[in-house]
Amino acid sequence: ERNDFTCQICGKRGGALCADHKIPFGFIIHQLPKENLYEEAMNFAPLWNPNVGETLCVECHKQTDTYMNKTRYANKRQKNEWRKFLEEVMASEKN
């Protein structure tokens, strides 16, 4: 239903689609306090914000920087971009 079942990169409609996290799920989790992590994650609004994700077809999803374990090898620039985007999402949540 999100994005009218259309890949936001190539425009393919229907078929095998994925929910891509523009900010990797693991990156967001690592920003949270480790104590009571489950409760923190459940109450951390940016983790559940639909604007942090987009619909992609499988082929396009595999090409993203956030696909599978690629995030483990992200460089400092990429992590700073994710951090900045997360801060923007958090600021918009307050408004």
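Residues numbered from 1 in each chain as written. Predicted model: local features only at pLDDT ≥ 70, side-chain atom pairs only at ≥ 80, totals over all residues. Heavy atoms only, no water.

*Asks:* When you look at the nonpolar core in this model, what are you seeing that I'm missing?
*Replies:* One broad rule of soluble globular proteins: the nonpolar side chains tend to lie buried together. Counting 13 residues, the largest nonpolar core has Ile23, Ile28, Phe44 and Leu47 as the members making the most contacts within it. Only helix 1 (25–29) and helix 5 (76–94) provide two or more residues apiece to this core. Ignoring sequence-local partners within four residues, the contact set of phenylalanine 44 consists of Ile28, Leu32, Leu86 and Met90. (Core = buried A, V, L, I, M, F, W, Y, C linked by side-chain atoms within 4.5 Å. Buried < 20%, exposed > 50% of the residue type's maximum accessible area, 1.4 Å probe, protein only. Helix = DSSP H or I, 4+ residues; strand = E, 2+ residues; numbered from the N terminus. Contact = heavy atoms within 4.5 Å.)

*Asks:* Explain the confidence of the model for the chain here, please?
*Replies:* Regions with low pLDDT carry predicted coordinates that are not meant to be interpreted in detail. Overall, the predicted model of the chain reaches an average pLDDT of 86, with 97% of residues at or above 70. Helix 4 (residues 58–62) holds the highest mean pLDDT among the elements of the chain, 94, whereas helix 1 holds the lowest, 83. (pLDDT = per-residue confidence, 0-100.)

*Asks:* Help me understand the packing of aromatic side chains in this model?
*Replies:* Here the distance between the centres and the angle between the planes together describe a pair of aromatic rings. Under the definition given, this model contains one aromatic pair. When the centroid spacing of 5.4 Å and the interplanar angle of 65° are considered together, the rings of phenylalanine 27 and tryptophan 82 count as edge-to-face. Taken as a pair, phenylalanine 27 in helix 1 and tryptophan 82 in helix 5 lie far apart in primary sequence, 55 residues in all. (Phe/Tyr/Trp six-rings, centres within 6.5 Å; stacked < 30°, edge-to-face > 60°.)

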